[in-house]
Amino acid sequence: PSVTKPEVPTDWWSDKTGLSVSRTSWDTDAAMVWFFNSPSKKAAHEHRDNNTFCIFKDKPQIIHSGYYDAYGNSHYVNYHTRTIAHNSICVYDSTEQYVNWGNNVSNDGGQIESPTLYTYEDIFKPQFQRGEWLDWGYGENYSYSIADAASSYDPDKLDRFTRRVLFYKPDQVIVLDHLGLQNTDARQRDAKWILHFQNQPHLSGNLINSEVPDHIETFDGKDVVQANGKGNVAVRTLLPLNTTTTRIGGIGYEFYVDGINYPVASAMDTVHTTPGKWRIEVSPKAVSDTLVFLHTIKIGDDTR
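For the structure given in this document, a descriptive report is provided here. (Residues numbered from 1 in each chain as written. Predicted model: local features only at pLDDT ≥ 70, side-chain atom pairs only at ≥ 80, totals over all residues. Heavy atoms only, no water.)

This brings us to the layout of surface pockets. For the largest pocket, the calculated volume is near 390 Å³. In this structure, the largest pocket is lined by 25 residues; those nearest its centre are Lys 192, Glu 211, Thr 246, Ile 248 and Glu 281. When contributions to the lining of the largest pocket are tallied by element, the ones reaching two or more residues are β13 (190-197), β15 (207-212), β16 (216-219), β19 (243-249), β20 (256-257) and β22 (278-284). (1 Å grid on protein atoms, 1.4 Å probe; cavity = no way out; pocket = protein on both sides within 12 Å on 5 of 7 lines; lining within 4 Å. Points joined across faces, edges and corners; volume = space filled by probe spheres on them. Helix = DSSP H or I, 4+ residues; strand = E, 2+ residues; numbered from the N terminus.)

Structure below.
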């Protein structure tokens, strides 16, 4: 018999998993924003990606980077599963050492390895917590997520990383981040706000440093634009007031971390996946123990 079926929701949140997903509609021209912050990392198959988000419009616009070609290989442990490959924040200290299964891996300035969980009860123990979801809400024309991921980082580095993501439908995203940095007087604390793209983004302002021409270039502008398929995004840095933006990518620099590129070991499937080729790193010119990043993102299509 014919029955009335409920409307499929366009806004969804799983507090136990730590994932919110919000769409403008279920039509093919819809925009989608999702945000992730897991209360407990599920080692060993973990990605160090708390407080990250992605945006889809026709095709992936702001993406996760990296490619799953083999479990545990060099690309996997040095890039694909690391914070540097996601749209989060890294705080670089050249003296810091990172490990994966007891082996030294690349220094990306990101989140730490979680201990392996052996039983179901381990998920809920305080020592295994890696993120806290503070609030989530939605309405007819918005979704709003607030989460803190400080416990995913070395506590000697930072004690706060609260991210607020407001998706004001149909095409506006505001990302507000509060960081509390530790030991800024004695240790290197180079904060980097990171976004990944499939295609090369265009940056405003003047080219002020060309570490590797066409691959690692720094600009003094505030605006970034990238297009993929029929969609695009326009990103603007509002805070801090004094920043630089570095664009990294291109052949031989797609998966670049701390002076080394970690390529995949097999041919990538670029039809069903978006491994990523470019990223930006927004850095404040001055270091302080309290740091605020504020960015606006406009989601567009081929007509605007």
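Attention shifts here to the packing of aromatic side chains. Tallied over the entire structure, the rule returns twelve aromatic pairs. With a centroid separation of 5.9 Å and 45 degrees between ring planes, the pair formed by Tyr 68 and Tyr 76 is classed as tilted. Following the ring pairs from residue to residue traces out a cluster consisting of Trp 13, Phe 35, Trp 133, Trp 136 and Tyr 138. Between Arg 23 and the ring centre of Trp 26, over which it is positioned, the NZ or CZ distance is 4.2 Å. The cationic tip of Lys 192 hangs over the ring face of Tyr 92; the distance from NZ or CZ to the ring centre is 5.1 Å. (Phe/Tyr/Trp six-rings, centres within 6.5 Å; stacked < 30°, edge-to-face > 60°. Lys NZ or Arg CZ within 6 Å of the ring centre and 35° of its normal.)

Pairing within the open sheet is antiparallel, and its five strands lie in the order β1-β2-β3-β4-β5. Two strands bound the open sheet, and with one partner strand each, they are β1 (11-14) and β5 (59-62). The average undirected angle you get between the axes of adjacent strands in this sheet is 15 degrees. (Pairing = 2+ DSSP bridges. Axes fitted to C-alpha atoms, helices over the stretch in contact; angles between N-to-C directions.)

Note that Arg 189 resides in the loop between β12 (172-181) and β13. Overall, Arg 189 belongs to the buried group, its relative accessible area being 4%. For Arg 189, the side chain forms a polar contact with the side chain of Asp 93, separated by 3.0 Å. (Buried < 20%, exposed > 50% of the residue type's maximum accessible area, 1.4 Å probe, protein only. Polar contact = N/O pair within 3.5 Å; in protein donor to acceptor, adjacent residues only side chain to side chain.)

We now examine the sheet that holds strand β23 (residues 290-301). With respect to topology, eight strands assemble into an open sheet ordered β9-β10-β11-β12-β23-β18-β17-β14, the strand pairing being antiparallel. Every interior strand has two partners, whereas the edge strands, β9 (132-139) and β14 (202-203), have only one. One ladder, built from two bridges, connects β14 with strand β17 (residues 223-228); its direction is antiparallel. Note that in β17 the partner of Leu 203 across the bridge is Val 224.

So, on to the pattern of salt bridges. Here the structure, examined in full by the defined rule, presents 13 salt bridges. The shortest N-O distance in the salt bridge between Asp 15 and Lys 16 comes to 3.3 Å. Look at Asp 15 and you get partly exposed, because its relative accessible area is 36%. Close ionic contact of Lys 298 with Asp 171 constitutes a salt bridge, the shortest N to O distance being 3.1 Å. Of this pair, Lys 298 sits in strand β23 while Asp 171 sits in the loop between β11 (158-168) and β12, and the two are 127 residues apart along the sequence. What you see here is one network of salt bridges that share partners, running through Asp 93, Arg 187 and Arg 189. (Salt bridge = Lys/Arg side-chain N within 4 Å of Asp/Glu carboxyl O.)

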